[in-house]
Amino acid sequence: PIVPHCARTREAGLAMMPPDLDRRVPVTVLTGFLGAGKTTLLNHILTATHGKKIAIIENEFGETAIDDALVTKNSKFNSDEEIIEVLNGCICCSVRQDLVSILHKLADRTRAGDLVLDAIILETTGMADPAPVAQTFLVDDAIKAFARIDGIVTLVDAKHIEQHLNEEKPNGVVNEAAAQVAFADRLLLNKTDLVSTDDLERIEGRLRAINAVSQIQRCTKSAVSVDSVLNINGFDLQRALKANPDLLNADVAWTQHDPSVTSVSLDQGLARHLRTVDIGEVDFQLLQDWINELIHTRGSEIFRMKGILAIKHAPQRFVYHAVHMMFDGDWGEHWGDDEPRASKLVFIGKNLDQEELRAEFAACLASPEMELKRLAALRFDVGEEVQCYVGPGQWANGKVINRMWRKEGSASKAPYQVELEDGTLIFAPVDDDQVIRKPLRFDIGDAVQCYLGSSQWGKGKIIAQNYREEGWALDEAAPYQVELENGKLIFAPADNDAVIKRV
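In this text the structure is predicted, and so the values were computed from the model without any measurement.

How each quantity is defined
- Residues numbered from 1 in each chain as written.
- Predicted model: local features only at pLDDT ≥ 70, side-chain atom pairs only at ≥ 80, totals over all residues.
- Heavy atoms only, no water.
- pLDDT = per-residue confidence, 0-100.
- Contact = heavy atoms within 4.5 Å.
- Salt bridge = Lys/Arg side-chain N within 4 Å of Asp/Glu carboxyl O.
- Helix = DSSP H or I, 4+ residues; strand = E, 2+ residues; numbered from the N terminus.
- Buried < 20%, exposed > 50% of the residue type's maximum accessible area, 1.4 Å probe, protein only.
- Expected span 1.5 Å × (residues − 1).
- Arc of directions from axis to C-beta.
- Pairing = 2+ DSSP bridges.
- Phe/Tyr/Trp six-rings, centres within 6.5 Å; stacked < 30°, edge-to-face > 60°.
- Lys NZ or Arg CZ within 6 Å of the ring centre and 35° of its normal.

Could you give an account of the confidence of the model for the protein chain, naming the residues involved and the relevant values?
Summing up the model confidence of the protein chain, the mean pLDDT is 84 and the portion of residues at 70 or higher is 86%. Low confidence marks residues 1-16, where pLDDT is under 50. Its contacts with residues over four positions away, or in another chain, come to 15 contacts. Contacts for the low-pLDDT stretch residues 75-82, under 50 throughout, to residues beyond four places or in other chains number 18 contacts.

Structure follows, in structure tokens:
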């Protein structure tokens, strides 16, 4: 379509105006596919010492916002006033009018003298096509007078970008990853530590084939200087029009997303009539088992997972995110004394089953029944004599003094706390013979019979306990080394009558 002459002329003139004469607020659009590192980059910017007053517009694809709490905290780092807006939904289509309303509100406050802004950062959802977002700043007269696009900065996940570029989409459906690369003024190739040099060179070749103009900057954990993102004066309207001739056509029908890609939100903090998930604190062990299963069985179709979880017995919230089969989680801030300990999770991917995910999460909630089940499964009782692994080839005798023991402030419980013969208190992290076992039945010098195979047994005597051979793993040891009557040295791999027994 032909771009209206008046629109083309005015925008071209503004675009060519020297930046130091353009008093409009510069806008940085952070885009990139799900899990590319946009929020991490945003928090780097907010905590950097630059003295700028920045308004943040945070966009999340799901109904439940996860990243807004950390962004809100960091948005106050350089300013006493918090200026943050959160949009839930896809900013390039379903909530685009909400973006217009937010920008009008910021413009009104600026015009009235109530607000002075040095920059606006708009972080889009990973499913957003950046072209309709950019159009918002180009076709609305009030927004055009107030703000200008400084640059569209696209984060690229080096580990997963090719998978998404290769994805075949139905006719008329946008490939969001490709659109984000094509429309970028600057490409930050992130997570370079997760791929090889050959991979990086191949990926950069693919990016240049889509966008030959924009600078590519390699980084890890989204660590780049603020100058690489803000005030780059990178947006070129004429180049953008070549990439998308409909950019200034306000009547064009914009992005169609793949209908098989959806989000599922599980939020315990919603009002009762809106809540679709059971309430209660999370059992950390059950959670870990569930997340591991999700990643390994459905990781290819789950593009993104993230959550803030209230773990039973833990004073801190557990914050996690995952991209396909890569998971990262850590303890965050402490829960406030008057703050509801409510978990919220978001999944984005293909063919998600909300009811299935809801039921699986419910099965991870802590309960007295699960505690009793774990107790009943333990092999040793309080007072029983045991041996504990304390180092390569080293075992120490002791006795069980507690079962399902938990250190104060910890979310995890150990099957046993053990007092060793020297008085040292330790814990056994798992109930397994590689960690804790019954005391060995035989002493050095005892006469024994060892199974040699094919129903053959050989007599000998114990010459060593907890025997290790060179090259064995650090946690690998045989209960006994035995010298047979013919002088041959063997080891017994287990301490049971099927392997070794008294003469």
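I'd like a description of the pattern of salt bridges, backed by residues and values.
Opposite charge on two side chains permits pairing when their charged atoms draw close. Under the defined criterion, the tally for this structure stands at 25 salt bridges. Between arginine 298 and glutamate 360 there is a salt bridge, and its shortest N-O distance comes to 2.9 Å. Of the two residues, arginine 298 sits in helix α11 (residues 284-298) while glutamate 360 sits in helix α12 (residues 354-362), which places them 62 residues apart along the sequence. For arginine 298, a relative accessible area of 24% puts it in the partly exposed group. Ionic contacts of the salt-bridge type, sharing partners, join the residues Glu162, Asp199, Arg202 and Arg206 into one network.

Tell me about helix α9 (residues 197-210), and please be specific about residues and values.
With 14 residues, α9 should reach 20 Å at 1.5 Å per residue; the first-to-last C-alpha distance of 20 Å fits that figure. Along α9, the residues that are buried comprise Leu200, Ile203, Glu204 and Leu207. Seen along its axis, α9 keeps its buried residues to an arc of 105 degrees; they face one direction. Exposed side chains of α9 directed beyond 90 degrees from the buried face belong to Asp198 and Ala209.

Go over the sheet that holds strand β14 (residues 394-405) with me, naming the residues and quoting the values.
Either a parallel or an antiparallel arrangement is found when strands of a sheet pair, and the pairing is made through backbone hydrogen bonds. Here five strands make up an open sheet; going across it, the order is β16-β15-β14-β13-β17 and the pairing antiparallel. A strand with exactly one partner marks an edge of an open sheet, and here the two such strands are β16 (425-428) and β17 (436-437). Here strand β15 (residues 414-420) runs beside β16; their pairing, made up of four bridges, is antiparallel. Residue pairing across strands places glutamate 419 opposite leucine 425, the latter belonging to β16.

Could you give an account of the pairing of strand β11 (residues 326-334), naming the residues involved and the relevant values?
Where strand β10 (residues 316-323) lies against β11, seven bridges are found, and the strand directions are antiparallel. Across the sheet, histidine 321 pairs through a bridge with aspartate 328, a residue of β11. The loop that links β10 with its antiparallel partner β11 comprises two residues; one of these, histidine 324, has a positive phi angle of about 55 degrees.

Requested: an account of the packing of aromatic side chains, with residues and values cited.
If you walk through the whole model with that rule in mind, you get 15 aromatic pairs. Aromatic pair phenylalanine 380 and tyrosine 416: ring centres 5.7 Å apart, planes at 55 degrees, arrangement tilted. Here phenylalanine 380 is found in the loop between α13 (368-377) and β13 (385-391), whereas its partner tyrosine 416 is found in strand β15, with 36 residues between them in sequence. The pair phenylalanine 380 / tyrosine 416 is uniform in exposure class, with both members buried. Through a chain of ring-to-ring contacts, the aromatic side chains of Phe284, Phe318 and Trp331 assemble into a single cluster. If you follow arginine 317 out to its NZ or CZ, it ends over the ring of tryptophan 335, 4.3 Å from the centre. Here the basic side chain of arginine 437 rests over the ring of tryptophan 395, its NZ or CZ set 3.7 Å away from the ring centre.

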